[in-house]
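Listed below are the residues making up each chain.
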Amino acid sequence: MNIKSTPIEGLLIIEPRVFKDDRGYFFESYSQKKYKEVGIDAEFVQDNQSLSQKGTLRGLHFQAPPFAQGKLVRVISGSVLDIAVDIRTNSATYGQYFSIELSAQNQLQFWIPPGFAHGFITLEDNTIFTYKCTNYYDKNSEGGIVWNDPDLNIEWNIAEPLISEKDAILSLLQDLKSPF
Ligand SMILES: Cc1cn([C@H]2C[C@H](O)[C@@H](COP(=O)(O)OP(=O)(O)O[C@H]3O[C@H](C)C(=O)[C@H](O)[C@H]3O)O2)c(=O)[nH]c1=O
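Just so it is clear, the structure is predicted and the values come from calculations on it, not from any experiment. (Residues numbered from 1 in each chain as written. Predicted model: local features only at pLDDT ≥ 70, side-chain atom pairs only at ≥ 80, totals over all residues. Heavy atoms only, no water.)

Participant: Please explain the pairing of strand S2 (residues 12–15) as it appears in this structure.
Facilitator: Regular strands show a simple pattern: their side chains alternate between the two faces of the sheet. With 4 bridges connecting them, strand S1 (residues 2–5) and S2 associate as antiparallel partners. Residue pairing across strands places Asn-2 opposite Glu-15, the latter belonging to S2. Between S1 and the antiparallel strand that follows it, S2, lie 6 residues; Gly-10 among them carries a positive phi value of about 105°. Inspection of the sheet shows S2 paired to strand S10 (residues 109–112) by 3 bridges, in the antiparallel sense. In the strand pairing of S10, Ile-13 is matched with Phe-110. (Pairing = 2+ DSSP bridges. Helix = DSSP H or I, 4+ residues; strand = E, 2+ residues; numbered from the N terminus.)

Participant: I would appreciate a short explanation of the sheet that holds strand S13 (residues 142–144) in the present structure.
Facilitator: Whether parallel or antiparallel, the strands of a sheet pair through hydrogen bonds between backbone atoms. Overall, antiparallel pairing links the 5 strands, which are arranged S9-S8-S11-S6-S13 in an open sheet. Looking along the sheet, the strands with just one partner apiece sit at the ends: strand S9 (97–103) and S13. The mean angle between the axes of side-by-side strands here comes to 30°, regardless of whether they run parallel or antiparallel. Pairing between strand S6 (residues 57–63) and S13: 3 bridges, direction antiparallel. The partner of Phe-62 across the bridge, within S13, is Gly-143. (Axes fitted to C-alpha atoms, helices over the stretch in contact; angles between N-to-C directions.)

Participant: Help me understand the environment of Tyr-30 in this model?
Facilitator: Position of Tyr-30 among the secondary structure elements: in the loop between strand S4 (24–26) and helix H1 (32–37). With a relative accessible area of 24%, Tyr-30 lands in the partly exposed category. Residues within four places of Tyr-30 in sequence aside, it is in contact with Tyr-35, Ala-42, Phe-44, Leu-72 and Lys-132. (Buried < 20%, exposed > 50% of the residue type's maximum accessible area, 1.4 Å probe, protein only. Contact = heavy atoms within 4.5 Å.)

Participant: Hey, could you run me through the pattern of salt bridges in this one?
Facilitator: Close approach of charged atoms lets side chains of opposite charge pair. If you walk through the whole model with that rule in mind, you get 7 salt bridges. With a shortest N-O distance of 2.9 Å, Glu-28 and Lys-34 are connected by a salt bridge. Take Glu-28: its relative accessible area is 39%, and that puts it in the partly exposed class. The residue Lys-33 makes a salt bridge to Glu-37 at a minimum N-O spacing of 3.0 Å. (Salt bridge = Lys/Arg side-chain N within 4 Å of Asp/Glu carboxyl O.)

Here you go:
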């Protein structure tokens, strides 16, 4: 397993060790011991999975403390451009984002600790996005930033994504009083 840091402290990219043979492939998609050794010392309590067609944008979401979530995300079918926005008030990279393509092909995983707004745009039909969370869903703790916030200037490479009514009215970063 290879672990790579990113320009934003805390965000990590995990490249699993894949065993290929004439049957196909095998890899460990999570190991508490091995992930703790590389700095992902988290207790995951909930797994989520979503299916989306091409051009679907989910996010940018977070849950406020005490229900803040760390997320270990990956794609098991199709591909996404995954985005994490630093909303840690005292962070030197506050308001900056990191993007990475996650796909069933590259088998990469992305660790997003609490303190980030998270979202993705799907690049293919029948994209299945699955992730482990360090806290349970708590509807009343949900917050978010609207996908096309000009201050974030995220390069989604799409003009009109398919988004939920809820996501279309999320706040601007400038109006967000970050709980982190
Ligand atoms: C997140 C969540 C949702 N739900 C219910 C609530 C709604 O009735 C339905 C769809 O929820 P939502 O539209 O918020 O789903 P997404 O837009 O995929 O939300 C996710 O999108 C971005 C990418 C994230 O990082 C978050 O994990 C999460 O907010 O599932 C649950 O029952 N449990 C849950 O943990």
